[in-house]
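Listed below, chain by chain, are the residues.
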Amino acid sequence: QALLVESGGGLVHPGGSLVLSCVASGFSFSNYVMSWYRQAPGKERELVARITGAGVITNYLNSVKGRFTISRDNAKNAVYLQMNKLKPEDTAVYYCNALRVPRENFWGQGTRVTVSS
């Protein structure tokens, strides 16, 4: 059974940093594209960052480019999101996602990030 467990969320001041972690189990981690999504109150879930199985290709939401970095450690079955220069508009629940087309798509339970002074 696939399981994704996120951690690292919390309350941070504007301009601060956080590192989110997602540890996976129950599937062949290195064969999956891993992503971080977020959902702010009253808004739709959006893709924040994505990384391919070997970690060669990454993609980012325009508003986080230059501030956030996604990485993965296939030996630890983990994916990370380094978030710097956080803004109040980054406040959301952040979700880890594992995708292998065409039908395998797993979600974590989410970790809350609040950016506020």
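Peer 1: Would you mind going over the overall build of the protein chain with me for this structure?
Peer 2: In terms of regular secondary structure, the protein chain is built from zero helices and 11 strands. Listed by position from the N terminus, the elements making up the protein chain come as β-β-β-β-β-β-β-β-β-β-β. Residues classed as buried in the protein chain amount to 38% of the 117 residues present. Here the contacts in the protein chain between residues at least 6 apart in sequence split such that 53% fall between residues at least 24 apart. Of the accessible surface of the protein chain, which amounts to about 6200 Å², a share of 50% is contributed by carbon and sulfur atoms. One finds the centroid of the 13 positive side-chain charges in the protein chain at a distance of 3 Å from the centroid of its 7 negative side-chain charges.

Peer 1: What exactly am I supposed to notice about the state of the cysteines here?
Peer 2: By definition, a disulfide links the sulfur atoms of two cysteine residues through a covalent bond. Summed over all chains, the structure comprises one disulfide. A sulfur-sulfur separation of 2.1 Å characterises the disulfide bridge that pairs C22 with C96. On the S-S bond that ties C22 to C96, the torsion sits near -80°, and the link is left-handed. Here C22, found in strand β3 (residues 18–25), pairs with C96, found in strand β9 (residues 92–100); they are 74 residues apart in sequence, far enough to count as distant. The same class applies to C22 and to C96, which are both buried.

Peer 1: What is the right way to read the pairing of strand β5 (residues 46–51) from this model?
Peer 2: Looking down a regular strand, the side chains alternate between one sheet face and the other. Of the strand pairs in this sheet, strand β4 (residues 33–39) and β5 are connected by five bridges, and their pairing is antiparallel. In the sheet register, S35 faces β5, and the bridge partner there is R50. In this antiparallel pair of consecutive strands, β4 and β5, the connection spans six residues, and G42 shows a positive phi of 80°. Here β5 pairs with strand β6 (residues 58–60) via three bridges, running antiparallel.

What counts, and at which threshold
Residue numbers restart at each chain and count upward from 1, following the sequence in its written direction. Predicted model: local features are reported for residues with pLDDT of at least 70 only, side-chain atom pairs are reported and counted for 80 or more only, and whole-chain, interface and lining totals are derived from all residues. Where side-chain values are given, they derive from all heavy atoms of the structure, hydrogens and water being excluded. Per the convention used, a helix needs a DSSP run of H or I reaching at least four residues, while a strand needs a run of E reaching at least two, with both numbered from the N terminus. Here's how the labels work: a residue is buried when its accessible area is under 20% of the maximum for its type, exposed when over 50%, partly exposed in between, all with a 1.4 Å probe on protein chains only. In what follows, a contact means two residues having at least one pair of non-hydrogen atoms within 4.5 Å. All accessible-area figures derive from a Shrake-Rupley calculation using a 1.4 Å probe, and residue coverage is judged against the displayed protein chains alone. His residues and chain termini do not enter the charge count, which takes Lys and Arg as positive and Asp and Glu as negative. Where a charge lies is defined by one atom per residue type, namely NZ (Lys), CZ (Arg), CG (Asp) and CD (Glu). Disulfides are defined in this document as cysteine sulfur pairs within 2.5 Å. Two strands qualify as a pair provided DSSP detects at least 2 bridges between them.

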